[in-house]
Amino acid sequence: MKMSEVLRQLRQQRTTAESRPRLMERYAAFLPISGTTPNLSLGEGYTPLVHARNLGRAIGCPMLHVKVEGMNPTGSFKDRGMVVAVARALENGARAIACASTGNTAASAAAYGASVRMEVVVVLPRGQIAAGKLLQAQAAGARVVAVDGNFDQALTAVRELVDSADSADRPVVLVNSVNPDRLAGQKTAAFEVCEDLGGAPDYLAIPVGNAGNISAYWQGFTDYRDAALLETRPAMLGFQAAGAAPLVIGHPIDSPETVATAIRIGNPASADKALRARDESGGVIEAVTDLEILAAYRDLAQQEGIFCEPASAASVAGVRRMAAEGRIDPGATIVCVLTGHGLKDPDTAMRLVQPALEAPATAAGVREVLGW
Ligand code: F0G
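What counts and how
Residues numbered from 1 in each chain as written. Predicted model: local features only at pLDDT ≥ 70, side-chain atom pairs only at ≥ 80, totals over all residues. Heavy atoms only, no water. Helix = DSSP H or I, 4+ residues; strand = E, 2+ residues; numbered from the N terminus. Rg over C-alpha atoms; globule rule 2.2 N^0.38 Å. Buried < 20%, exposed > 50% of the residue type's maximum accessible area, 1.4 Å probe, protein only. Disulfide = S-S within 2.5 Å. Pairing = 2+ DSSP bridges. Contact = heavy atoms within 4.5 Å. Near = heavy atom within 4 Å. Polar contact = N/O pair within 3.5 Å; in protein donor to acceptor, adjacent residues only side chain to side chain. Axes fitted to C-alpha atoms, helices over the stretch in contact; angles between N-to-C directions. Expected span 1.5 Å × (residues − 1). Right-handed = clockwise from strand over helix to strand, strands pointing away. Phe/Tyr/Trp six-rings, centres within 6.5 Å; stacked < 30°, edge-to-face > 60°.

Asks: Any chance you could explain the overall build of the protein here in plain terms?
Replies: A count of helical and extended segments in the protein gives 15 helices and 10 strands. A compact globule built from 372 residues would reach a C-alpha radius of gyration of about 21 Å, and the protein, at 21 Å, matches this within 12%. Its C-alpha atoms put the protein at 70 × 60 × 50 Å along the principal axes. For the protein, with 372 residues in total, the buried portion stands at 53%.

Structure, rendered in structure tokens:
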């Protein structure tokens, strides 16, 4: 094609930011919003669905796909729900938002709160938050409170704080996933998956912590089915970190050992919904070990070029094991949700990477250390 022709086509295609629908506009019919809800956006949603050909072939599931939620504005799926929750809080005249978090909810609340100039309070279990997530919350100007306790204790404290806030006319809004606006926003990821595949996958695999996201996806598939936009729904495969797997019978809760600190939760707030999603869909909720998680985390980065955070790799780790045990039809279309970005947790990455080679600043020097 001639350059002039290319330029002519580009000119014709040119779209403006205003002409691309934002997530909340696009799925308004399925969200708890009205004409008076502020139309916020930091560019959330529309994340890539990538066909993981190399890894899929290696584990015997050639139709393995990954939904790369680390591409959201703050690097995790939380943004889909946070945009709705903060828009609604703003609409209701909230004076502040608050959450407990293992890091990603905090980073997302901090960003969306900052974007509407609202006070943000995040309560975090001290010493258990990946470096990047903590910095995201701090950089956005949130008031960060570290507590000596686990996530569950932090959530209990925040719930009480919010309930007792003097909120007659200007409430403090809890933006954990017990807030139904959060789950409503998060179900939009299921809509995108169906649109990208032209239907539902056979399996949807996902890490489980507080069990909000698995419940949100199931609601999304169900909404699309009820609206006759979908004929089938996937079997839901939820994976918790061994040592922090309260929904899996026989697994101890809240071990300090897991690399998947984002999902170290003893008492999942949406447990009932998640178990219903499992049972209605004919799926499973199982535990995966640190070794399985780290292997999937490394292979996603090195075989697919997709750097997710360790907790996210639980979905691929679980599918790999089920495939090895012959519990997944090799022809099935599988979507693994990768919930957060690898850059959030440099310390875990550091455990896996090779040190940089060192050389003089010459071609000869570099050639020598490469062994070329
Ligand atoms: N993956 C990541 C990267 C997470 O940060 C979380 C939860 C989950 C999966 C699990 O999702 O809780 O809906 O089952 N993180 C929360 C937080 C707890 O505070 O950021 P869930």
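Asks: Just to check I follow, could you spell out the state of the cysteines for this structure?
Replies: Such a bond, covalent and formed between the sulfur atoms of two cysteines, is termed a disulfide. Summed over the entire model, instances satisfying the criterion amount to 0 disulfides. C336 provides the cysteine sulfur closest to C194, a residue in no disulfide bond, and the two sulfurs are 15 Å apart. Of the cysteine sulfurs around C308, a residue in no disulfide, the closest is that of C336, at 10 Å.

Asks: Is there a simple way to explain the pairing of strand β9 (residues 284-288) in this structure?
Replies: Along a regular strand, successive side chains alternate from one face of the sheet to the other. Extensive coverage of β9 is indicated by the burial of 4 of its 5 residues. For strand β8 (residues 235-241) and β9, the ladder comprises 5 bridges, and the chain directions are parallel. In the sheet register, Q240 faces β9, and the bridge partner there is A287.

Asks: Is there a simple way to explain the side chain of T105 in this structure?
Replies: Among the structural elements, T105 can be located in helix α5 (residues 104-115). Relative accessible area serves as the criterion here: at 6%, T105 is assigned to the buried category. For T105, the contacting residues outside a window of four places in its chain are K78, M82, C99, A100, V175, N176 and R182.

Asks: It is not clear to me how the site of the ligand should be interpreted in this structure. Could you clarify?
Replies: The environment of the ligand is made up of 19 residues, and the closest members are S101, T102, N210, A211 and T339. The backbone of T105 places a nitrogen or oxygen atom 2.8 Å from an oxygen atom of the ligand. One of the backbone nitrogen or oxygen atoms of G212 is found 3.1 Å away from an oxygen atom of the ligand. Within the residue set of the shell around the ligand, elements represented by two or more residues are α5 and α10 (212-226).

Asks: Would you mind showing me how to read the sheet that holds strand β4 (residues 119-125) here?
Replies: Two modes of strand pairing occur in sheets, parallel and antiparallel, and in both the strands are linked by backbone hydrogen bonds. What the 4 strands build is an open sheet, ordered β5-β4-β3-β6; its pairing is parallel. Each edge of the open sheet carries a strand with a single partner, namely β5 (143-147) and β6 (172-174). Across the sheet, the mean angle from the axis of one strand to that of its neighbour is 20 degrees, orientation sign disregarded.

Asks: How should α10 be read in this particular structure?
Replies: What sets the pattern is the α-helix's 3.6 residues per turn: residues three or four places apart point alike. Between its first and last C-alpha, α10 extends 21 Å over 15 residues, near the 21 Å set by a 1.5 Å rise per residue. Across the 15 residues of α10, 12 count as buried, placing the element largely inside the fold. Inspection of α10 places G212, N213, I214, S215, A216, Y217, W218, G220, F221, T222, D223 and Y224 among the buried residues, and these make up the whole buried set. One or two steps after α10, the chain reaches A228, where phi turns positive at roughly 60 degrees.

Asks: Would you mind showing me how to read the pairing of β8 here?
Replies: The buried fraction of β8 amounts to 7 of the 7 residues, a majority that puts the element mostly inside the structure. Two elements, strand β7 (residues 203-207) and β8, share 5 bridges in a ladder whose sense is parallel. Across the sheet, P207 pairs through a bridge with F239, a residue of β8. Crossover handedness for the path β7 to α10 to β8: right-handed.

Asks: What's the story with the side chain of T47 in this structure? I'm lost.
Replies: Tracing the chain through its elements places T47 in the loop between α2 (23-26) and β1 (49-51). Once residues within four sequence positions are removed from consideration, T47 is found in contact with K67, V68, E69, M71, N72, R80, E192 and D196.

Asks: Help me out: how do you make sense of the environment of V83 in this one?
Replies: Inspection of the secondary structure assignment puts V83 in helix α4 (residues 78-91). Through-space distance from the C-alpha of V83 to that of G185 is 7.4 Å; in sequence the pair is 102 residues apart. If sequence neighbours within four positions are ignored, V83 has contacts with M24, L40, S41, E44 and Y112.

Asks: Could you clarify how one ought to interpret the packing of aromatic side chains in this entry?
Replies: A full pass over the atoms with the stated rule returns 6 aromatic pairs. Ring geometry for F191 against Y224: centres 4.2 Å apart, planes inclined by 5 degrees, an arrangement best described as stacked. Of this pair, F191 sits in helix α9 (residues 188-197) while Y224 sits in helix α10; the two residues are 33 residues apart in sequence, bridging distant segments of the chain. This pair shows no difference in class: F191 is buried, exactly as Y224 is. Plain terms: the ring middles of Y297 and F307 are 6.1 Å apart, the flat faces sit at 45 degrees to each other, and that makes the pair tilted. On the criterion of sequence distance, the pair formed by Y297 in helix α12 (residues 290-304) and F307 in the loop between α12 and α13 (314-324) is long-range, its members being 10 residues apart.

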